[in-house]
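An overview of the molecular structure
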Amino acid sequence: MVQILRPSLPQLLKVARDTAVSAGQLAREKWHTPRDVQSKGFRDLVTDVDVAAQKVIVAEILQAFPDHGFLPEEEDDSLPQAGPIIWIIDPIDGTTNYSRQQPNFAISVAATRPIFDTQQNITAYEPLVGAVYDPMRHELYSAIKGEGARLEDGSGHRHTLQVSNVDNLQDAVLCLSLGSSEKRRQQAHKWLYAFNQDVFTVRSIGSATLSLVWVAAGRFDIYFNQNIKAWDMAAGALILQEAGGAFSNLDGGEFDWFAPHAECVATNGRIHNTTLQILNDNKI
Ligand code: IPD
Ligand code: CA
Ligand code: CA
């Protein structure tokens, strides 16, 4: 009988981390060279480096795990979609920033276990390990499910990631994504107005992945987004939860991996219910 050996979580993590760093090195090397920027949808860009970085990530993963599948942001019909592990990849999260040499962007790589219904359709993904690399700050965030989250800084020092202990809105730093459509921008402005009265201050940094890991690191206390994709959050949500934070939909329930426009609310946990209450009270 042929025995199929499943990789251990540390083996998956090593590949996730290494490949995120490789892609990040490429993004950093290309920083000062002209970009080929294309539109792939309404207020949605892709650059030549997004595509090249994804190729680097995928090649390294396939070399280590040839039977694994992929759910990457950039379309690639040549990639296997099925496998015991599905890698969910955003080669550059914060593409608009990157295309304009704004340094808030990150590489997101997560190894997930697909969850099936009785008809063998995937209904969700369980992130097992995640790595997020911020190439301009040389910061590598990572987590294994159930084992906590850590940050390695540019000097190679390891820090345990821990969300903030802010327990009231008055001290909270809120980060939000404005969204692209008219409807979502109106909603974001309504929410902004509702929170603006109470929170310490507000930011919007243009990278969902980086926003999530900054909540994990205690740099922000709240983040929300009305149209987040699996590749924006698979690694970041795991890192946040392993750092003690909360990640949910607007009702406080499980994230919907297949919603066409999924909403997410990410907090340090202590102010999650208050945040959900304000969001729901101020829906358009
Ligand atoms: C986007 C960014 C943006 C967020 C969007 C994402 P991309 O990803 O993270 O900040 O508001 O929801 O789709 O296109 O830069 O990879
Ligand atoms: Ca993204
Ligand atoms: Ca992207």
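Quantities reported herein were computed from a predicted structural model and do not represent experimental measurements.

**Focus on the coordination of the calcium ion (ligand 3)**
The coordination sphere of the calcium ion (ligand 3) contains the protein donors Glu-73 (OE), Asp-90 (OD) and Ile-92 (O), at a distance range of 2.1 to 2.4 Å. Sequence spacing of the donor residues for the calcium ion (ligand 3), all on one chain, is E-x16-D-x1-I. The metal-metal distance between the calcium ion (ligand 3) and the calcium ion (ligand 2) comes to 3.6 Å, with Asp-90 coordinating both. Taken together, the positions of Glu-73 in the loop between strand 3 (69-72) and strand 4 (86-93) and Ile-92 in strand 4 put the pair 19 residues apart, joining distant regions of the chain. Across the pair, exposure class does not vary: Glu-73 and Ile-92 are buried alike.

**A look at the site of ligand 1**
Every one of the 14 residues lining ligand 1 counts as a neighbour, but Asp-93, Gly-94, Thr-95, Ser-177 and Ala-208 are closest to it. Separating an oxygen atom of ligand 1 from a backbone N or O atom of Gly-206 is a distance of 3.1 Å. A distance of 2.8 Å separates an oxygen atom of ligand 1 from a polar backbone atom of Ala-208. Here ligand 1 loses 79% of its free accessible area of 380 Å² to cover by the protein chains. At the level of secondary structure, the elements contributing two or more residues to the shell around ligand 1 comprise strand 4 and strand 12 (222-228). For the shell around ligand 1, the element with the highest residue contribution is strand 4, accounting for three residues. For the shell around ligand 1, the residue count by class is two nonpolar, seven polar and five charged.

**A short note on the sheet that holds strand 11 (residues 201-203)**
Strand order across the open sheet formed by five strands is 11-10-12-14-13, with mixed pairing between neighbours. Only two strands of the sheet have a single partner each, and these edge strands are strand 11 and strand 13 (246-248). Strand after strand, the sheet turns through a mean of 15° between neighbouring axes, direction not considered. Taken together, the five bridges between strand 12 and strand 14 (residues 262-267) define a ladder with antiparallel strand orientation. Directly across from Phe-224, in strand 14, lies its bridge partner Val-265. The sheet contacts of helix 5 (residues 208-216) involve strand 10 (173-176), strand 12, strand 13 and strand 14, and relative to strand 12 the element is tilted by about 155°. In this fold helix 7 (residues 272-281) packs onto strand 12, strand 13 and strand 14, with an angle of close to 140° to the strand it touches most, strand 14.

The rules we used
- For every chain, the first residue of its written sequence is number 1, and the numbers climb from 1 along that sequence.
- Chain letters start at A and ligand numbers start at 1, both assigned in the order the entries are written.
- Predicted model: local features are reported for residues with pLDDT of at least 70 only, side-chain atom pairs are reported and counted for 80 or more only, and whole-chain, interface and lining totals are derived from all residues.
- Each side-chain value is derived from all of the structure's non-hydrogen atoms; neither hydrogens nor water enter the calculation.
- The donor set comprises N, O and S atoms within 2.8 Å of the metal, extended to 3.2 Å for Na, K and Ca; water molecules are omitted, so apparent gaps in a site may simply reflect that omission.
- Only DSSP runs of H or I reaching four residues or more are called helices, and only runs of E reaching two or more are called strands; each is numbered from the N terminus.
- Each residue gets one of three labels from its accessible area relative to the maximum for its type: buried under 20%, exposed over 50%, partly exposed in between, using a 1.4 Å probe on protein chains only.
- In these notes, residues near a molecule or strand are those with any non-hydrogen atom within 4 Å of it.
- N or O atoms within 3.5 Å of each other form a polar contact, as long as, within protein, one can give a hydrogen and the other can take it, and as long as residues adjacent in sequence are counted only when both atoms are side-chain atoms.
- Only the protein chains shown count as cover for residues, and all accessible areas are computed by the Shrake-Rupley method using a 1.4 Å probe.
- Charged means Asp, Glu, Lys or Arg here, nonpolar means Ala, Val, Leu, Ile, Met, Phe, Trp, Tyr, Cys or Pro, and polar covers whatever is left, Gly included.
- Pairing between strands is defined by DSSP: at least two bridges between them are needed.
- Axes, fitted as lines to C-alpha atoms, cover a helix only where it is in contact. Angles between the N-to-C directions of the axes lie from 0 to 180 degrees.
- Contact definition: two residues touch when any of their heavy atoms are within 4.5 Å.

Everything listed is a geometric property; what it means functionally is a separate question.
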